[in-house]
Amino acid sequence: MQMDTSFLSASASTDADVAIVIDVLRASSVMVAALAAGARRVITTREVDDARDLAEEYTSDRDLTPLLCGERQCTRIEGFDLGNSPASYTASRVKNRDLILTTTNGTQAIAAAASAKEVWIGCFLNLSAIARSLPADSNVDLICAGTNGSITMEDVLFAGAVLSICDQRFELELNDESIIARQLWRSSFGRETMPSPEELSEVLKRSQGGRNLVRVGYESDIGLCANVDAYCLIPKRVHEEPAVFAVE
Ligand code: MLT
């Protein structure tokens, strides 16, 4: 099984069987939390204006208007219904609704994965679901979103966690970024077993994405995103242009 990691989505060019898009803090975590809370679909766009245009298109032929969701500089976009905090994606807010999501890095990474045969969304909330669902003999790309063009530890750490679990199940061929990611995961907690959410949260806080969230007052979101295996679901791309995600 070939598993290649890209630390930055801009450097990813994928024809993989499965591309796993990783933006632990927080776009991937928001997508998993939203679908777990009963959202029907998450429609993703790179640009804020495209999100607004899509909202108009989807509104004209449905009873329930889609919710506009996402952030710029970690903060809810003016006029949008929801920001990028998993805590806001409650069943009372999102159940049976379509969401249109645009974020600074996460939805850009989704666009970078467009040419993969399948696109899945991964984060610590669905770590085991991801690692245990990958089919043997597939080519897998782990695409880290990074932050504003820089590598971020939280995404590389998650890639390493997936690789470590897959290592126990398959014979792996890894590129160098995968070897580095797996090593980071193995050395981060001083032991092989899964960290507690509290331990993981402490490590995530030290990452670039973590520091950004602490700076703007969203520290509690880091704890939510560190809730390993809170959900057993995988957002999978069900439509390509725009990229739409649902749980099958
Ligand atoms: C992103 O896509 O850039 C992040 O999810 C940023 C954030 O959580 O605010």
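Now for a description of the structure that goes with this document.

Calculation notes
Residues numbered from 1 in each chain as written. Predicted model: local features only at pLDDT ≥ 70, side-chain atom pairs only at ≥ 80, totals over all residues. Heavy atoms only, no water. Pairing = 2+ DSSP bridges. Helix = DSSP H or I, 4+ residues; strand = E, 2+ residues; numbered from the N terminus. Near = heavy atom within 4 Å. Polar contact = N/O pair within 3.5 Å; in protein donor to acceptor, adjacent residues only side chain to side chain. Buried < 20%, exposed > 50% of the residue type's maximum accessible area, 1.4 Å probe, protein only. Arc of directions from axis to C-beta. Contact = heavy atoms within 4.5 Å. Core = buried A, V, L, I, M, F, W, Y, C linked by side-chain atoms within 4.5 Å. Patch = residues over 30% accessible without salt bridge, like charges linked within 9 Å, V, L, I, M, F, W, Y side chains within 5 Å. Areas by Shrake-Rupley, 256 points an atom, 1.4 Å probe, with all protein chains shown as cover. Salt bridge = Lys/Arg side-chain N within 4 Å of Asp/Glu carboxyl O. Lys, Arg positive; Asp, Glu negative; His and termini not counted. Charge placed at Lys NZ, Arg CZ, Asp CG, Glu CD. Disulfide = S-S within 2.5 Å. Axes fitted to C-alpha atoms, helices over the stretch in contact; angles between N-to-C directions. Parallel < 35°, antiparallel > 145°, perpendicular 65-115°, else oblique. Nonpolar A, V, L, I, M, F, W, Y, C, P; charged D, E, K, R; others polar.

**Quick notes on the pairing of strand β10 (residues 236-239)**
Argument step 1. Note: β10 against strand β11 (residues 243-246), three bridges, orientation antiparallel. By the bridge assignment, H239 is partnered in β11 with V244.
Argument step 2. Linking two consecutive strands that pair antiparallel, namely β10 and β11, is a turn of three residues.

**Describing the site of the ligand**
Argument step 1. Lining the immediate surroundings of the ligand are D23, L25, R26, A27, E71, C74, N84, T103, T104, N105 and G106.
Argument step 2. Here N105 contributes a side-chain N or O atom positioned 2.6 Å from an oxygen atom of the ligand.

**Side note on the pairing of strand β3 (residues 41-44)**
Successive residues of a regular strand alternate their side chains across the two faces of the sheet.
Argument step 1. As paired elements, β3 and strand β6 (residues 98-102) share four bridges and run parallel to each other. From the neighbouring strand, I43 faces β6, where its bridge partner is I100.
Argument step 2. Note that β3 and β11 share three bridges and pair antiparallel. By the bridge assignment for β11, V42 is matched with F245.

**Brief notes about helix α8 (residues 197-205)**
In an α-helix, one turn spans 3.6 residues; hence positions three or four apart end up facing the same way.
Argument step 1. The set of residues buried in α8 consists of L200, S201, V203 and L204. Looking down the long axis of α8, one finds its buried residues gathered within 165° of arc, a one-sided arrangement.
Argument step 2. Contacts made by the buried residues of α8 are with α6 (153-169), α7 (176-188), α9 (208-215) and α10 (219-225).

**Some thoughts on the environment of G149**
Argument step 1. Mapped onto the fold, G149 is located in the loop between β8 (139-144) and α6.
Argument step 2. On the basis of relative accessibility, which here comes to 59%, the residue G149 falls in the exposed class.
Argument step 3. Along the backbone, G149 and N105 are 44 residues apart, and their C-alpha atoms lie at a distance of 8.4 Å.

**Observations regarding the nonpolar core**
Argument step 1. Ranked by internal contacts, the top residues of the largest apolar core, which has 43 residues, are M3, F124, L134, V162, L200 and L204.
Argument step 2. Those elements that place two or more of their residues in this core are β2 (18-22), α5 (127-133), β8, α6, α7, α8 and α10.
Argument step 3. Ranked by residue count, the leading element in this core is α6, at nine residues.
Argument step 4. In contact with L134, not counting residues within four places along its chain, are M1, M3, V18, I20, W120, V140, V162, C166, R169 and F170.

**Observations concerning a negative patch on the surface**
Argument step 1. A grouping of E47, D50, D53, E56 and E57 is seen on the molecular surface, where their side chains present a negatively charged patch.
Argument step 2. Locating D53 in the fold gives a position in helix α2 (residues 48-60).

**Observations regarding the pattern of salt bridges**
Argument step 1. Summed over the entire model, instances satisfying the criterion amount to ten salt bridges.
Argument step 2. Note that D98 is salt-bridged to R41, the shortest N-O span being 3.0 Å. Of this pair, D98 sits in strand β6 while R41 sits in strand β3, and the two are 57 residues apart along the sequence.
Argument step 3. For D98, a relative accessible area of 5% corresponds to the buried category.
Argument step 4. With a closest N to O distance of 4.0 Å, D49 and R52 form a salt bridge. Residue D49 and its partner R52 are both found in helix α2; the two are separated by three residues, about one turn of the helix.
Argument step 5. On the basis of relative accessibility, which here comes to 52%, the residue D49 falls in the exposed class.
Argument step 6. Taking relative accessible area as the criterion, R52 reaches 36% and is therefore assigned partly exposed.
Argument step 7. Connected through shared salt-bridge partners, R40, R41 and D98 make up one network.

**Side note on the state of the cysteines**
Argument step 1. Applying the stated criterion to the full structure yields zero disulfides.
Argument step 2. C74 forms no disulfide, and the closest cysteine sulfur to it belongs to C225, at a distance of 11 Å.
Argument step 3. Its sulfur unpaired, C232 is 13 Å from the next cysteine sulfur, which belongs to C123.

**Examining the packing of α6 against α7**
Argument step 1. At their nearest, the axes of α6 and α7 sit 7 Å apart, and the two run at 90° to each other. Our classification of the angle between α6 and α7 gives roughly perpendicular. Of α7, the residues touching α6 (which contributes M153, V156, L157, A159, G160, A161, L163, S164 and D167) are S178, A181, R182, L184, W185, R186 and S188.
Argument step 2. For the contact of α6 with α7, the class distribution of residues is nine nonpolar, four polar and three charged.

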